[in-house]
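# Remarks on the overall topology
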Amino acid sequence: MRSKCANLLIGLGSLLVVAALGLFLYNQQQSAAADRSAAELMTKLVSRIEQETPEEAAYPENPYEDRMDTVTVDGMEVIGYLVLPDLQVELPILADGSPENLAVAPCRYYGSVNSRNLVLMGHNYTNGFGQLAHLEQGDRLYFRDVHGVSTHYRVALIDVLSATSVEEMIRGDFDLTLFTCTYGGKNRLTIRCDQIG
């Protein structure tokens, strides 16, 4: 009886290990596909911004408006790109945070550069917002919009919020907020930034 029970437990344990390995490999495949898509999109976006940017960048008439101009690249609406120089990361930022878009690149969640309350979200893919875990207070980063205008920021606060802290995510006196899931997905790693320069 004991050997039957032991064999059953060993078989069940083996099955769970195989399932965990399968999930890990699936997540790695999703991350790699997103990395390729974001890199392709980034190359096309930078080329397009450089070709179309006038000598004097066009600023919105109302500097407090939440609207952000977009360009369409490969059928996706893009508001610009984010650069984390210390980590050598450049990521296109999509205008709409749909599940399909998040599978490709980080997205705008709320606000705008002009109203100084921009919130960006992204999956914690290895070469995407997964890099946020390596940021430190005082690190510098910048966002370049579709007109070629760069807005520079410094990391002011690193926090972890619960997955249900929607109001806390968009509140506060921070000019830029970046967030992604922690490993396991229960919480959100949140990077708060102040505009500089």
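These numbers come from a predicted model, not from an experiment.

### Some thoughts on the confidence of the model for the protein
- Here the protein averages 83 in pLDDT, while 84% of its residues score no lower than 70.
- Predicted confidence in the protein is weakest over helix 1 (residues 2–52), with a mean pLDDT of 71, and strongest over strand 6 (residues 140–145), with 96.
- Segment residues 54–60 is flagged for pLDDT under 50; beyond a separation of four residues in sequence, or across chains, it makes seven contacts in the model.

### Notes on the pairing of strand 8 (residues 176–181)
- Among the six residues that make up strand 8, five are buried, leaving the element largely enclosed by the rest of the structure.
- Here strand 5 (residues 118–121) pairs with strand 8 via four bridges, running parallel. Each residue of the ladder has a partner; that of Leu120, found in strand 8, is Leu178.
- Direction of pairing for strand 8 relative to strand 9 (residues 187–196): antiparallel, over a ladder of six bridges. Each residue of the ladder has a partner; that of Cys181, found in strand 9, is Arg188.
- Taken together, strand 8 and the strand that follows it, strand 9, pair antiparallel across an intervening segment of five residues, in which Gly184 is found at a positive phi of about 100°.

### Examining the nonpolar core
- Ranked by size, the top nonpolar core spans 22 residues in total, and within it Leu82, Leu120, Leu141, Leu176 and Leu178 carry the most contacts.
- Mapped by element, the contributors of at least two residues to this core are strand 2 (76–84), strand 3 (89–94), strand 5, strand 6, strand 7 (150–162), strand 8 and strand 9.
- Leave out the neighbours within four places in its chain, and Leu176 touches Leu82, Leu118, Leu120, Leu141, Tyr153, Ile191, Arg192 and Cys193.
- Counting 19 residues, the second largest nonpolar core, distinct from the first, contains Val83, Leu94, Cys107 and Val119.

Definitions and cut-offs
Residues numbered from 1 in each chain as written. Predicted model: local features only at pLDDT ≥ 70, side-chain atom pairs only at ≥ 80, totals over all residues. Heavy atoms only, no water. pLDDT = per-residue confidence, 0-100. Helix = DSSP H or I, 4+ residues; strand = E, 2+ residues; numbered from the N terminus. Contact = heavy atoms within 4.5 Å. Buried < 20%, exposed > 50% of the residue type's maximum accessible area, 1.4 Å probe, protein only. Pairing = 2+ DSSP bridges. Core = buried A, V, L, I, M, F, W, Y, C linked by side-chain atoms within 4.5 Å.

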